[in-house]
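# Structural overview for review
Take a look at the letters that make up each chain.
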Amino acid sequence: MNERNPFEPYIKEKNEDKIEDTNSFLLNEEMFVDDSFSNFTQMQGKEEVREQINSYVEMPTIRQEENEVDIIEVPEQKKEKRRGANFIIVSLLFLPSVLVLILIGIHSNTLISKSLLYILYGVLTILILMLIAGLVLHANKKNRIPAKGKVFKVLFSIFMFFYIVGCGSFSFIMYGPNKRFRNWLIPTAMTTMTHRYFATWFYDTETIESVLDQNTIIESGEDTDLNLISVGNLDFDATMYANEYEKEILTKDKGNDIYKVIDIEGSGYKGHMVVVYDPSRVKVATTKYLNVKGQYVTDMAADNKALVAINGGGFIDPNYSSNGGTPQGIVIQNGKVVSDRPYSKAGGLIGLTKENKLILGKMTSKEALAKGVRDAVTFGPFLIVNGQKSFIKGNGGWGTAPRTAIGQRKDGIILLLVIDGRRLKYPGADMVDLTEIMERYGAYNAANLDGGTSSVMVFPEAKAKQFLTTKELQSHCTNSYCYINDPIDGGGSHETRWVASSIIVK
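As a starting point, this report considers the structure included with it. Being a predicted model, the structure only gives us computed values, none of them experimental. For every chain, the first residue of the written sequence is number 1, and numbering continues from 1 along that sequence. Per-residue local features of the predicted model are confined to residues with pLDDT of at least 70, and side-chain atom pairs are confined, for both listing and counting, to 80 or more; whole-chain, interface and lining totals are unaffected and use all residues. The basis for every side-chain value is the complete set of heavy atoms in the structure, and neither hydrogens nor water enter the calculation.

An order of β4-β5-β17-β16-β18-β13-β14 is seen for the 7 strands of this open sheet, with the pairing classed as antiparallel. Sheet topology places β4 (259-266) and β14 (388-389) at the edges, where each strand pairs with a single neighbour. Sheet analysis places strand β13 (residues 382-385) next to strand β18 (residues 443-449), joined by 2 bridges and oriented antiparallel. Opposite Ile384, over in β18, you have Ala446 as the bridge partner. Should DSSP find at least two bridges between two strands, the strands are regarded as paired. Numbering of helices and strands starts at the N terminus; helices are DSSP runs of H or I of at least 4 residues and strands are runs of E of at least 2.

In structure tokens form, the structure reads like this:
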């Protein structure tokens, strides 16, 4: 007989022995089938043929989909391969995350305790065994992957690629040989009020201390030599300037002889500097609820009818949950000591004398009054003293954040600086940035003030309109005073906080 078995084109070559048995069955029954499955002389239809073939062949079943016939494994083979695929998927989904958690646990036991680390080691072992078992069970797959299976495999592969790259990138950045990210993260986190866990979760105490030691600022140790400052020695008619920054400082805004606002922008930071031509107008203001609760700088500015205001010194903040009412160190206002507490951190007293000269130094309140200090707050570090910059190792150990600083030029001009931060494009400034900005604009003495969420620059609403949109005016203003920068708190909200003191221009 020369008639061709209609199933032969649809059965794969790897099942040739089964095809011969199937052909014999059809020939012995003297069935005549055309190429298109149209007629069977001794059977009623294709389903009956399938049933007869399946009962004869035993091993394979036949499926027809859109004019295709595939050989499919028997149920036991399918179960094994499905089980293997499931093992592979589960192990691949959890392995990268478990490895990252183990890496974190190796470097710090704050987030991952020792007992949890041992459990993760056990989970890792199980996942590896699951992956091996899955590969073995899935290794003998012979059939073409169905269309739906191909789509799932492609999508799963894309997901796993980004997932593994993400886990790998995180691990490399946090614990790789390049220490740049660690040198930024640890000082930045450790100098915040509420986000130190960003460092302690991922690094042990030894690593944190090592990084902080590699990023520190060493002050000159000198007290300010007031004789080097000559207040009022200004030349606004000059036609020759030392540099572009000198020209920017000495070119007054039309109609404003008191101060000038200069926009500041650099790599990773932007903000504003107020140039105050008459230092006698610069004073210290405090919350009217001193030692009880703080106030917004906008409220302090309104209470004192200030022309300009920035935040001032630090405040005691136990557990990072205070209301900003208790100042750090010494606070002197109008020649009177209004707060006097021990202070042993970087910096010290930052004040203005009765001669309107900025004085920086580590001193008691009595020593400050003896030197003629009329207004002062306490904070640090000192950036420049007597024209000499502090030695800054790394980023200075204060990380990158919103910043506030004060400085004075040799001609007596006061510089009030506020830098925004905590944004993707503008994370803020470190001590190196602050020092460079102050030096660039001619500061002979300069110090860092309280920063972070506290950093604000405030003007009366009429002046603030020059810097703010209509929407910002609604959220940045209280008592007809507005902050013109964009403070961001620890929760990501665009708002400032209560503080104990501020520097104002009257």
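Before going further, it helps to spend a moment on unusual backbone geometry. Look at the link from Gly380 to Pro381: it is a cis peptide, with omega at 5 degrees. Its place among the elements puts Pro381 in the loop between β12 (373-379) and β13. Here Asn291, not a glycine, exhibits a phi torsion of approximately 70 degrees, which is positive. Along the chain, Asn291 turns up in the loop between β6 (282-286) and α10 (297-303). The backbone of Ser480 sits at a positive phi, close to 70 degrees, despite the residue not being glycine.

For strand β8 (residues 330-333) and strand β9 (residues 336-340), the ladder comprises 4 bridges, and the chain directions are antiparallel. Residue pairing for β9: Ile332 is matched across the bridge by Val337. Between β8 and β9, which pair antiparallel in sequence order, lie 2 residues; one of them, Asn334, sits at a positive phi of approximately 55 degrees.

As a further point, take the packing of helix α6 (residues 180-190) against helix α8 (residues 205-214). Think of two packed helices as two axes; the pair is described by the angle between the axes and how far apart they sit. For helices, the axis comes from a line fit to the C-alpha atoms of the stretch in contact; other axes are also lines fit to C-alpha atoms, and the angle between any two N-to-C directions lies between 0 and 180 degrees. Running from amino to carboxyl end, α6 crosses α8 at an angle of 100 degrees, the nearest separation of the two axes being 9 Å. Relative to α8, the element α6 is oriented roughly perpendicular. Contacts from Arg182, Asn183, Ile186, Pro187 and Met190 in α6 reach Thr207, Ile208, Val211, Leu212 and Gln214 in α8. When its residues are assigned to classes, the contact of α6 with α8 shows 6 nonpolar, 3 polar and 1 charged. An angle counts as roughly parallel when it lies under 35 degrees, as roughly antiparallel when it exceeds 145, as roughly perpendicular when it falls between 65 and 115, and as oblique in every other case. Throughout, a contact is declared for two residues whenever any of their heavy atoms are within 4.5 Å. Note that Gly is not counted as nonpolar here; it falls among the polar residues with everything else outside the nonpolar set of Ala, Val, Leu, Ile, Met, Phe, Trp, Tyr, Cys and Pro and the charged set of Asp, Glu, Lys and Arg.

What follows deals with the side chain of Asn395. Within the secondary structure, Asn395 sits in the loop between β15 (391-393) and β16 (403-409). Exposure remark for Asn395: the relative accessible area of 9% places this residue in the buried category. In contact with Asn395, other than residues within four places in its own chain, are Asn183, Trp184, Pro187, Asn215, Asp430, Met431 and Val432. Think of it in three bands: with a 1.4 Å probe and only protein chains considered, a residue is buried below 20% of the maximum accessible area for its type, exposed above 50%, and partly exposed in between.

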